[in-house]
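Residue strings, one per chain:
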Amino acid sequence: MFFLPPTLSRSHLQRCSRPAFSRIYTPLLTQKSRGRWLASTNWSSDGEKPKITPPNTELLQPKQDGRSIETFRARLLPYWHLARLDKPIGTVLLFLPCTWSITMASYASSASPQVLVGNIALFGIGALLMRGAGCTINDLWDRNLDKGVERTRSRPLASGALTVPQAVGFLGLQLAGGLAVLTQLNWYSIQLGASSLLFVGTYPLMKRITYWPQFVLGLTFNWGALLGWSAVTGVVDWSVCAPLYASGVLWTLVYDTAYAHQDKSDDALVGIKSTALLFGENTKPVLLAFLLGSCLLAGVAGLGNQQGVGYFSSLLIGTFMLGLKLRTVNFNIAQQGGMYFRYCGYFGWMLFAGALVDYLIWYKDGKKRPLVEVRRQPQTHSELS
């Protein structure tokens, strides 16, 4: 075995030239030790100069502590599903009655576009937060029932992805966000909006005691038809808002009965009641009656608000679309029930579009005030005095 003299360090030998080392030390090296030395100094066996090896930059990177993007997404995903953010149709259906009322109130009160757009944006945020809160409350009540239904057993609470304390904490954040939105409105609207929590909290219980939980959902989901008007004018005009609200309730009975048909087999086994089970094979004629009633009541609201051709033509088109589609749906096929549920959103969009067209025509034609008396609540201290 070859040993280096104590006066020569390895770093010194690595800096020396290949020919000089060969003359002095190569005769003393065995073949095995010579190969080791060449490898340690990066010299090739044919005498070429050593190549500089770049440092391993991976060793310089900080070690992951378990908070990677993938881990964060995995932790966030159950909350995403709990709030149904992956299924925005529910938020849209909650938001649309707000747009009807806001647009019709802006038309009746000659409100500026800033008032119209600002309230629609504010109610859009509120609909997103409160729909998520409603879903969290629903899943807290139904976490055991959901385990027996094929479509819902993978929900975060039913599957165990989230615990009850985690869901309650998340609900607190959602309600705090909804309260922050509500406090941007006038005091009348704050009181009116807070009163809707009674329906939000009790709706999940209705499916245990009545075959009409869809009716209670309609009372809950269409509260914006009242709240949107008061947000613009400071008070509800019941001559317009009452038939508009009732129209929305009947519309909800249409789309949520179609939705309930997806789970009617499992619901019957676990004891969940719904209008889908109540109506059975008579679902189509009953839903057609609800649809026509919704159209009639929305028409009454439009007459009371002196809406124009845009509103009434859109109302008729939306009703015709849903009625025509209803003829082709087979509610014994779960996928078709879900399809018609989503399709019902077109009715709400058409009603909003018609009211918006009337508003834009009024604004373009010199902002002539419609011939309708609008009740207003004083908004400032000077008006109150």
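Residues numbered from 1 in each chain as written. Predicted model: local features only at pLDDT ≥ 70, side-chain atom pairs only at ≥ 80, totals over all residues. Heavy atoms only, no water.

## Some details on a nonpolar patch on the surface
Keep this limit in mind: Each patch is assembled from residues with relative accessible area greater than 30% and no salt bridge, linking like charges that lie within 9 Å and nonpolar side chains (Val, Leu, Ile, Met, Phe, Trp, Tyr) that lie within 5 Å. In these tables, accessible area is a Shrake-Rupley quantity obtained with a 1.4 Å probe, and a residue counts as shielded only by the protein chains included in the view. Definition used for salt bridges: Asp or Glu carboxyl oxygen within 4 Å of a side-chain nitrogen of Lys or Arg. A run of DSSP states H or I qualifies as a helix once it reaches four residues; a run of E qualifies as a strand once it reaches two. Both are numbered from the N-terminal end. A simple rule labels every residue: compare its accessible area, found with a 1.4 Å probe on the protein chains alone, to the largest value its type can have, and call it buried under 20%, exposed over 50%, or partly exposed in between.
On the surface, Leu77, Trp80, Leu85 and Leu128 cluster together into a nonpolar patch covering about 360 Å² of accessible area. Within the secondary structure, Leu128 is located in helix α6 (residues 113–142). What makes Leu128 partly exposed here is its relative accessible area of 41%.

## Regarding unusual backbone geometry
Of note in the backbone geometry, Arg84 takes a positive phi value of approximately 60 degrees without being a glycine. Mapped onto the elements of the fold, Arg84 is located in the loop between α4 (69–82) and α5 (89–109). Backbone geometry at Ser110 places phi at a positive 55 degrees, although glycine is not the residue there. Along the chain, the position of Ser110 falls in the loop between α5 and α6.

## Thoughts on the packing of helix α10 (residues 197–209) against helix α11 (residues 213–221)
Stated formally: Angular values range over 0 to 180 degrees, each being the angle between N-to-C directions of two axes fitted as lines to C-alpha atoms, with helices fitted over their stretch in contact. Any angle that falls under 35 degrees is termed roughly parallel, while one over 145 is termed roughly antiparallel, one within 65 to 115 roughly perpendicular, and all others oblique. We call two residues contacting when some pair of their heavy atoms lies within 4.5 Å. Each residue is assigned to one of three groups, with Ala, Val, Leu, Ile, Met, Phe, Trp, Tyr, Cys and Pro labelled nonpolar, Asp, Glu, Lys and Arg labelled charged, and all others, Gly among them, labelled polar.
Two numbers describe how α10 lies on α11: the axes approach to 9 Å, and their chain directions differ by 170 degrees. Taken together, α10 and α11 sit at an angle that is classed as roughly antiparallel. In contact with Phe199, Val200, Tyr203, Met206 and Lys207 of α10, α11 contributes Pro213, Val216, Leu217, Leu219 and Thr220. In terms of residue class, the contact of α10 with α11 is made up of eight nonpolar, one polar and one charged.

## Section: the nonpolar core
We count it as follows: Remark: nonpolar core denotes a set of buried residues (Ala, Val, Leu, Ile, Met, Phe, Trp, Tyr, Cys) joined through side-chain atoms within 4.5 Å.
Membership of the largest hydrophobic core comes to 67 residues, with the highest contact counts inside it found for Met104, Phe123, Leu244, Trp251, Tyr311 and Tyr340. Of all hydrophobic cores here, the second largest spans eleven residues; its members include Ala133, Leu140, Leu157 and Leu162.

## Describing helix α8 (residues 164–182)
Note the threshold: Helices are assigned an expected span. That span is 1.5 Å times one less than the residue count. Each C-beta atom gives one direction from the helix axis, and the arc is the one those directions make.
Across its 19 residues, α8 extends 26 Å between first and last C-alpha, which sits within 8% of the 27 Å expected from 1.5 Å per residue. For α8, the set of buried residues is Ala167, Phe170, Leu171, Gln174, Gly177, Gly178, Val181 and Leu182. Looking straight down α8, one finds that the buried residues subtend no more than 140 degrees of arc, so they occupy a single side. With respect to the buried face of α8, the exposed residues turned more than 90 degrees away are Pro165, Leu173 and Leu179. Buried residues in α8 make contact with α4, α6, α7 (156–159), α9 (187–195) and α12 (224–233).

## Points about the confidence of the model for the protein
As a reminder, the rule being used: On a range of 0 to 100, pLDDT expresses the predictor's confidence in each residue.
Here the protein averages 83 in pLDDT, and 77% of its residues register 70 or above. Here residues 16–29 is a poorly scored stretch, pLDDT under 50, and it has 21 contacts once near neighbours within four places are set aside; other chains count. Overall, residues 378–385 carries pLDDT values under 50, and its contacts beyond four positions in sequence, including any with other chains, amount to five contacts.

## A word on helix α16 (residues 283–304)
Given 3.6 residues per turn, any residue in an α-helix points the same way as the ones three and four places further on. Over its 22 residues, α16 extends 32 Å from the first C-alpha to the last, a length consistent with the 32 Å expected when each residue adds 1.5 Å. Buried residues of α16: Thr283, Leu287, Phe290, Leu291, Gly293, Ser294, Cys295, Ala298, Gly299, Ala301 and Gly302, and no others. Against the buried residues of α16 lie α5, α13 (238–260), α15 (275–279), α17 (309–328) and α19 (345–364). Where α16 ends, the next residue or the one after it, Gln306, has phi of about 55 degrees, a positive value.

## A few points about the pattern of salt bridges
For the structure on display, the rule yields seven salt bridges. With a shortest N-O distance of 2.8 Å, Arg84 and Asp139 are connected by a salt bridge. In this pair, Arg84 is assigned in the loop between α4 and α5 and Asp139 in helix α6, connecting sequence segments 55 residues apart. Of the charged contacts, one joins Arg155 and Asp146 as a salt bridge, the two residues approaching to 3.7 Å between their closest N and O atoms. For Asp146, a relative accessible area of 4% gives the class buried. If you follow the salt bridges from partner to partner, you end up with Arg84, Asp139, Asp146 and Arg155 in one network.

## With respect to the environment of Ile120
Along the polypeptide, Ile120 turns up in helix α6. Assessed through its relative accessible area of 18%, Ile120 is described here as buried. Considering only alpha carbons, one finds Ile120 and Ser101, 19 residues apart in sequence, at a separation of 9.9 Å. Sequence-distant contacts of Ile120, that is, excluding residues within four places in its chain, are made with Phe95, Ile102, Thr103 and Phe352.

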